[in-house]
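Spelled out, the chains give:
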Amino acid sequence: MREGRFSDKVVLVTGSTRGIGRAIAVAFAEEGAKVLVNGRQKEAAQAVAEEMRGRGTEALGLGADISDPEAVRGMVEEGLKVYGKIDVLVNNAGISLPPQPAEGVQREGFEKVMAVNLTGAFLCCQAVFPSMRERGGGSIINVSSQAGLFGEPGLLPYCVSKAALLSLTRCLAYEWSPYGIRVNAVAPGFVAGGMNEPVLKYEALVSTLSSRVPLKRFAKVEEVVEVVLFLASEAASYINGEVLVVDGGMTGYRTPSILQLTSGRGR
Ligand code: NAD
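Only a predicted model underlies this, so the values are computations on that prediction, with no experimental measurement involved.

## Let's talk about unusual backbone geometry
Part 1 of the argument: Unlike most non-glycine residues, Lys216 shows phi in positive territory, near 60 degrees.
Part 2 of the argument: Note on placement: Lys216 falls in the loop between α6 (203-210) and α7 (221-232).

## Some details on the packing of helix α4 (residues 107-135) against helix α5 (residues 156-176)
Packed helices, taken two at a time, are described by the angle their axes make and the gap between the axes.
Part 1 of the argument: As a packed pair, α4 and α5 sit with axes 8 Å apart at the nearest point and diverge in direction by 15 degrees. Judged by the angle between their axes, α4 and α5 are roughly parallel. Between α4 and α5 lies a crossing of right-handed hand. Mapping the contact onto sequence places Phe110, Val113, Met114, Asn117, Leu118, Ala121, Phe122, Cys125, Gln126 and Phe129 in α4 and Leu156, Pro157, Tyr158, Val160, Ser161, Lys162, Ala164, Leu165, Leu168, Leu172 and Trp176 in α5.
Part 2 of the argument: Looking at the contact of α4 with α5, its residues break down into 17 nonpolar, three polar and one charged.

## A short note on the pairing of strand β1 (residues 10-13)
Part 1 of the argument: Of the two faces of β1, the one lined by Val10 and Leu12 and the one lined by Val11 and Val13 are each fully buried.
Part 2 of the argument: The pairing of β1 with strand β2 (residues 34-39) spans four bridges and is parallel. Considered in β2, the bridge of Leu12 is made with Leu36.
Part 3 of the argument: Read from β1 through helix α1 (residues 19-30) to β2, the crossover connection turns out right-handed.
Part 4 of the argument: Of the pairings in the sheet, the one linking β1 to strand β4 (residues 88-91) comprises three bridges and is parallel in character.

## Looking at the sheet that holds strand β3 (residues 58-63)
Part 1 of the argument: The parallel open sheet is built from seven strands, whose spatial order is β3-β2-β1-β4-β5-β6-β7. Sheet topology places β3 and β7 (243-246) at the edges, where each strand pairs with a single neighbour. Taking the axes of each pair of neighbouring strands and ignoring which way they run, one obtains an average angle of 20 degrees across the sheet.
Part 2 of the argument: Where β4 and strand β5 (residues 138-143) come together, four bridges link them in parallel fashion. Bridge pairing in β5 links Asn91 to Asn142.
Part 3 of the argument: Sheet strands in contact with helix α2 (residues 42-54) are β2 and β3, and its direction is about 175 degrees off that of β3.

## Overview of α5
Part 1 of the argument: The first and last C-alpha atoms of α5 sit 30 Å apart over 21 residues, in line with the 30 Å expected at 1.5 Å per residue.
Part 2 of the argument: Within α5 the residues assigned to the buried category are Pro157, Tyr158, Cys159, Ser161, Lys162, Leu165, Leu166, Leu168, Thr169, Leu172, Ala173 and Trp176.
Part 3 of the argument: Packed against the buried residues of α5 are α4, β5, β6 (181-188) and β7.

What counts and what doesn't
Residues numbered from 1 in each chain as written. Predicted model: local features only at pLDDT ≥ 70, side-chain atom pairs only at ≥ 80, totals over all residues. Heavy atoms only, no water. Helix = DSSP H or I, 4+ residues; strand = E, 2+ residues; numbered from the N terminus. Axes fitted to C-alpha atoms, helices over the stretch in contact; angles between N-to-C directions. Parallel < 35°, antiparallel > 145°, perpendicular 65-115°, else oblique. Left-handed = near helix turned anticlockwise from the far one by under 90°. Contact = heavy atoms within 4.5 Å. Nonpolar A, V, L, I, M, F, W, Y, C, P; charged D, E, K, R; others polar. Buried < 20%, exposed > 50% of the residue type's maximum accessible area, 1.4 Å probe, protein only. Pairing = 2+ DSSP bridges. Right-handed = clockwise from strand over helix to strand, strands pointing away. Expected span 1.5 Å × (residues − 1).

Now the structure itself:
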C-alpha cells in the first residue's frame with residue numbers, strides 16, 4: 001500500500017470503472033487510500049480493482065446499480081465488512097441523454113437520469129451515513145456539473161438532476177455537520193474524457209465549445225480529480241456545503257462579449 005494524504009482512509013467512488021470516476025479512484029489509491037471501486041457490473045469493477053492492486057495500490061471492486069436501494073445497501077455493507085469503515089464517498093456515477101428539445105423528453109428518460117444522478121447519489125449518502133456518524137465524521141463529494149448552475153438547451157434532465165444534486169449537497173451539509181460530516185460538490189465544465197470521449201473526435205465541435213471557455217480549452221481529467229481530492233483532504237476541513245466550479249471560467253461570463261460585439265476584438 002502507498003503512503004500519502006489518504007493513507008488511513010477508505011474511499012468509495014461510484015461509477016469508477018471508467019472516465020473521471022476511474023481516474024478519481026486511481027488517484028486516491030496512489031495517495032494511500034483503500035478504494036472501493038463501483039460499477040453496475042461487478043466484473044468490470046473487479047477488473048479495475050485488480051488492475052489497481054497490480055500497481056501496488058489497495059482496491060476492492062463492488063457491483064451495484066446505484067439507483068437500486070438494495071444494491072446500494074449491499075455494496076456499502078460489503079465495503080464495511082472488508083475495510084471496516086468508509087471515510088470518503090464520491091458520488092461520481094452519472095448519465096445523460098442525447099440532446100433533445102425539452103418538449104420531446106419522455107418521462108422514462110427523465111426519470112432514468114434523475115434515478116442515477118440524484119436518487120442514486122442520495123441513496124449512497126444515506127447508506128454510508130450510519131458508519132460515518134458512528135466514527136465521528138467523513139467527507140462526501142458530489143460530482144455535479146456546470147450544467148447544474150445554468151440551463152443548457154437540449155439537456156434538460158441532466159441540468160435538472162445536477163442542479164438538484166447541488167441542493168442535496170447543501171441540505172446534507174447542514175443536517176450532517178453536527179456529526180463531523182462535510183458535504184461538498186464539484187461542478188466541472190467541459191472535460192476532455194469520460195462521457196465527452198465521443199465528442200473529442202469532432203475537432204470543429206470541440207473548438208466551438210472551447211470558444212465558450214475563457215481558457216479556450218476543455219479541462220484535463222486530472223484537473224477535476226485534483227479538486228475532488230482537495231475537497232476530501234484535511235486542507236478542506238472548513239469547506240462545507242460548497243460547490244467548486246471547475247470550468248475554466250465559463251460560468252463567469254457571457255459569449256459573445258460586449259467587447260466582441262462592439263469592436264470585433266477577440267476577447
Ligand atoms: P462516463 O460515462 O465515462 O462514466 C460514468 C460512470 O458512471 C461509468 O463508470 C458508468 O458505468 C457509471 N454509471 C452510470 N450509471 C450507473 C449506475 N446506475 N450505477 C453505477 N454506476 C453507474 O462519464 P464521466 O464523464 O466520467 O462522468 C463522471 C461524472 O462527471 C458524471 O456524474 C458526469 O455527469 C460528471 N461530469 C462529466 C463531465 C464531462 O465533461 N465528462 C462534465 C461535468 C460533469
